[in-house]
Amino acid sequence: MKVVLFCGGYGMRMRNGAADDVPKPMAMVGPRPLIWHVMRYYAHFGHTEFILCLGYGAHHIKDFFLNYEETTSNDFVLRKGQTELLSTDIADWTITFAQTGIESPIGERLRRVRHHLDGDEMFLANYADVLTDAPLPEMIDRFARRDAGASMMVVPPQSSFHCVELGEDGLVGGITAVSELPLWENGGYFVLRQEVFDHIPENGDLVADGCAQLAKRGRLVAHQHRGFWKPTDTVKERAALDEAYARGDRPWAVWERDGASAGARA
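Please read all numbers here as calculations on a predicted model, not as lab measurements.

So, how was this worked out
Residues numbered from 1 in each chain as written. Predicted model: local features only at pLDDT ≥ 70, side-chain atom pairs only at ≥ 80, totals over all residues. Heavy atoms only, no water. Helix = DSSP H or I, 4+ residues; strand = E, 2+ residues; numbered from the N terminus. Buried < 20%, exposed > 50% of the residue type's maximum accessible area, 1.4 Å probe, protein only. Pairing = 2+ DSSP bridges. Patch = residues over 30% accessible without salt bridge, like charges linked within 9 Å, V, L, I, M, F, W, Y side chains within 5 Å. Areas by Shrake-Rupley, 256 points an atom, 1.4 Å probe, with all protein chains shown as cover. Salt bridge = Lys/Arg side-chain N within 4 Å of Asp/Glu carboxyl O. Axes fitted to C-alpha atoms, helices over the stretch in contact; angles between N-to-C directions. Contact = heavy atoms within 4.5 Å. Arc of directions from axis to C-beta.

Undergrad: Can you tell me about unusual backbone geometry, naming the residues and giving the values?
TA: Note: most residues except glycine have negative phi, and most peptide bonds are trans. Phi angles above zero are rare outside glycine, and Asp118 is one such case at about 55°. Inspection of the secondary structure puts Asp118 in the loop between helix H3 (106–112) and strand S8 (122–126). Backbone geometry at Ala128 places phi at a positive 70°, although glycine is not the residue there. Structurally, the position occupied by Ala128 is in the loop between S8 and strand S9 (130–132). What makes Ala128 buried here is its relative accessible area of 0%.

Structure below.
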């Protein structure tokens, strides 16, 4: 199944200054950028056809893959000056690099790569900056059995803040942690059918337009995931993932947990 990755945003909260033009999916976690971790997740489950919706800082992503160093995340033997790889990451990947505009909303980016889907009825989509250990085959199978236009993975609220109930007299009636509220957030992992394009207008958004319209028609389903899920919207969040990687705490690396049969260990 093809995987559409949205990797053309500015990622302003991840930037260190005006001279830093690296797009958020290229922020490093361990020896590889975020987008690589997301792609390895999908490839582990057999989905190796990727469509990258490029925009801001596209040359960084292109250069990374055009000059890809397999030895960074694979074991190898150096014999008489020649490198013999014991495993590979991307040898079986097909990657389409598509410029979808600098200012384009995500829905418009998706519209601009529709022809690259080759008419496939179902496909996957992702923001390319969120890591998870969610069971992808289960997510896909559940959606395939449903009569729906889209599936959105949802996760419990991640905020550490508390909500305060106020009475008209200003007295506090209760305090509840956001994480304990019966709410769910968009987790950024989608399984979509071509039907979603019927509800995304020009310069529209995937969620606010496409998914919202499908929800009104009873054609949007949710996959609830309470396991590992971490966004990287800020430098602090990216640094926390990098530190976790360094100490070997990386539950999103399902290719390590489930064995090396689906590719290299990183």
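Having put the structure on the table, let's press on.
Undergrad: If you had to explain the pairing of strand S6 (residues 82–85) to someone new, which residues and values would you point to?
TA: As defined by bridge partners, strand S5 (residues 76–79) adjoins S6 across four bridges and the pair is classed as antiparallel. By the bridge assignment for S6, Leu78 is matched with Thr83. The hairpin turn running from S5 into S6, its antiparallel successor, is two residues long, and Lys80 in that turn takes a positive phi close to 55°.

Undergrad: Would you mind going over a nonpolar patch on the surface in detail, with residue names and values included?
TA: A grouping of Val164, Leu166, Val172 and Ile175 is seen on the molecular surface, where their side chains present a nonpolar patch of about 410 Å² in accessible area. Secondary structure elements with two or more residues in the nonpolar patch: strand S11 (162–166) and strand S12 (172–177). Mapped onto the elements of the fold, Ile175 is located in strand S12.

Undergrad: Describe the sheet that holds strand S10 (residues 150–155), listing the residues and the values that go with them.
TA: Across the sheet, which stays open at both edges, the seven strands sit in the order S7-S4-S1-S8-S13-S10-S14 with mixed pairing between neighbours. Each of the sheet's edge strands pairs with one partner strand only, and the pair in question is strand S7 (94–99) and strand S14 (220–224). If you compare each strand with its neighbour and ignore which way they point, the axes differ by 25° on average. Inspection of the sheet shows S10 paired to strand S13 (residues 185–193) by five bridges, in the antiparallel sense. Bridge assignment links Val154 to a residue of S13, and that residue is Asn186. Running over the sheet, helix H1 (residues 34–44) touches strand S1 (2–7), strand S4 (49–54), S7, S8 and S13 and is turned about 165° from S1. Across the sheet, helix H4 (residues 136–144) touches S8, S10, S13 and S14, and the angle it forms with S13 is around 55°.

Undergrad: Talk me through H4; I want residue IDs and the actual numbers.
TA: Residues Leu136, Met139, Ile140 and Phe143 constitute the buried set of H4. End-on view of H4: buried residues confined to an arc of 95°, all on one side of the axis. Packing partners of the buried residues in H4 comprise H1, S8, S10, S13 and S14.

Undergrad: Explain the pattern of salt bridges to me, and be specific about the residues and the numbers.
TA: Counted by the stated rule, this structure contains 15 salt bridges. Measuring nitrogen to oxygen at the nearest pair gives 3.7 Å for the salt bridge that ties Asp249 to Arg247. Using a relative accessible area of 38% as the deciding quantity, one classes Asp249 as partly exposed. Using a relative accessible area of 59% as the deciding quantity, one classes Arg247 as exposed. When the shortest N-O distance is used, the salt bridge between Glu256 and Arg250 registers 3.1 Å. The network of salt bridges with common partners includes Lys2, Glu49, Asp118 and Asp120.

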